[in-house]
Amino acid sequence: MTGMRDLGPGDRFPDLGLPDSDDNPRRLTELAGPDPLLLHTYRGWFCPKERTFLRQLVALQDEAEVAYTRFVSLSVDSAEASGAFRAGLDARWTFLCDPDRTALRELGLQEVSDTVHDPYLSTVWLLGPDLTVHRWWMGYWYWGRPTLDELRIGLRELTRGLRVDWDPPHPEANG
Amino acid sequence: MSGWLALLDTPPPAPDLVTTAGDRLLAGWRSADAPPHPYARRVDPRVLDPEGTPAWVSLLWLDRAAMPLFDDPAVVAARRRVLAGPAPRAVSTLVVDSTHFAGSAWLVDEPAASTDDPFRLLGDLLLMHVGSGLLGRQPRPPGPALERYSGAPWPSDR
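Report on the accompanying structure. In this numbering scheme, every chain counts its residues from 1 along its sequence in written order. Labels are handed out in written order, letters beginning with A for the chains and numbers beginning with 1 for the ligands. At least 70 in pLDDT is required for a residue's local features to be given in this predicted model, at least 80 for side-chain atom pairs to be given and counted, and no such filter applies to totals for whole chains, interfaces and linings, which use all residues.

Section: helix α1 (residues 73-84) of chain B
Residues and elements named next belong to chain B. The terminal C-alpha atoms of α1 lie 16 Å apart, and with twelve residues this matches the ideal 16 Å at 1.5 Å per residue to within 8%. For the exposure call, what matters is how many other C-beta atoms sit within 10 Å of a residue's own: 20 or more marks it buried, 12 or fewer exposed, and in between partly exposed, using C-beta atoms placed from the backbone. Under the scheme used here, helices are H or I runs from DSSP no shorter than 4 residues and strands are E runs no shorter than 2 residues, and both carry numbers assigned from the N terminus. Residues Val 75, Ala 78, Arg 79, Val 82 and Leu 83 constitute the buried set of α1. All buried residues of α1 project into a common sector of 145° when viewed along the axis, lining one side. Facing away from the buried surface of α1 by more than 90 degrees, the exposed residues are Pro 73 and Ala 77. Residue pairs are scored as contacts if the distance between their C-beta atoms, which are placed from the backbone, is within 7 Å. Buried residues along α1 sit against β6 (90-94). Multiply 1.5 Å by the residue count of a helix minus one, and that product is the helix's expected span. Our arc is simply the arc of the directions from the helix axis toward the C-beta atoms.

With respect to the pairing of strand β6 (residues 123-127) of chain A
All names here are of chain A. Of all five residues in β6, five are buried; the element is thus mostly enclosed. By definition, two strands form a pair when at least two bridges between them are found by DSSP. Here five bridges tie strand β3 (residues 37-41) to β6, and the two strands are oriented antiparallel to one another. By the bridge assignment, His 40 is partnered in β6 with Val 124. In this antiparallel pair of consecutive strands, β6 and strand β7 (residues 133-138), the connection spans five residues, and Leu 131 shows a positive phi of 70°.

A look at helix α5 (residues 148-162) of chain A
Because each turn of an α-helix spans 3.6 residues, side chains separated by three or four positions end up pointing in the same direction. Residues and elements named next belong to chain A. An ideal rise of 1.5 Å per residue puts 21 Å on 15 residues; α5 measures up with 21 Å between its terminal C-alpha atoms. Turning to α5, its buried residues number three or more, namely Leu 151, Gly 154, Leu 155 and Leu 158. Looking straight down α5, one finds that the buried residues subtend no more than 100° of arc, so they occupy a single side. Exposed side chains of α5 directed beyond 90 degrees from the buried face belong to Asp 149 and Arg 160. Those residues of α5 that are buried lie in contact with β3, α2 (48-66), β6 and β7.

Quick notes on the environment of A:Trp125
All names here are of chain A. As for its position among the elements, Trp 125 is in strand β6. C-alpha separation for the pair Trp 125 and Trp 136, spaced eleven residues apart in sequence, amounts to 4.3 Å. Discounting chain neighbours no more than four positions away, the residues touching Trp 125 are Phe 13, Leu 39, Val 133 and Trp 136.

Shown next as structure tokens:
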């Protein structure tokens, strides 16, 4: 497989199958449904940069709630650790768990400089329902991550391309 | 696919699925587009499963005169807690039209877990042991999106 870091707009992200923090088997396409998907890979609960960024996503979730937009976060944390972390954040989206690092190796997103935790690199992806890449960010350095305004702009562009009624019907269309 | 659920005292003429629920009957239909029974309410079809094992259901079956709007802040708050709190075996809201919240079905394996039902603040719940052959398992919906498509019973995607 091509390394994920080589993917660009229009390429397809793999339809990963992994357990969630409730230990249910999930697939990315099932989680996306018919909506835009924000996929976030992160180092783990232990990382202060991740906690800071996840609190940003929590701040965005009230908007995503009414904007037909879904989030998924993915790490090597266990289901128990992810569930507790998710609850502590008051996050209302799905956390996927890859403690065996199966998908991590497949995706080529391991952070090789951390030999203690062997975690995911921090990346953020905006994907269409079919997992077509709209845009992505590398967050190895914190400032590489998108701001909430960059995410809003990206999700606007992505949603505009998905919704045929982005420009709603005009009154004369009803006769 | 559409799903329907009806809480009845007597067996309906042609249910796809039916089982006991306490001293009453729960009937399910998985394909009808129109209401298959006068008392049937739409449900996420993914919670109906002919292979389903017995379950406990915390059922909120609101009278029509007491149904809040689906977008009522209390209903939205309960759905947020579904996403954030302890996960059920399966969950669906119930609808009778495109705008009103007609109730909910919160499925768990153990009756003690029914106290986690976030819809308990919206009305009096019926806690019933439901026999096999009706209710399955469905992971809680992905979030944070809560909006529905075309008045479908949340969390159905369509």
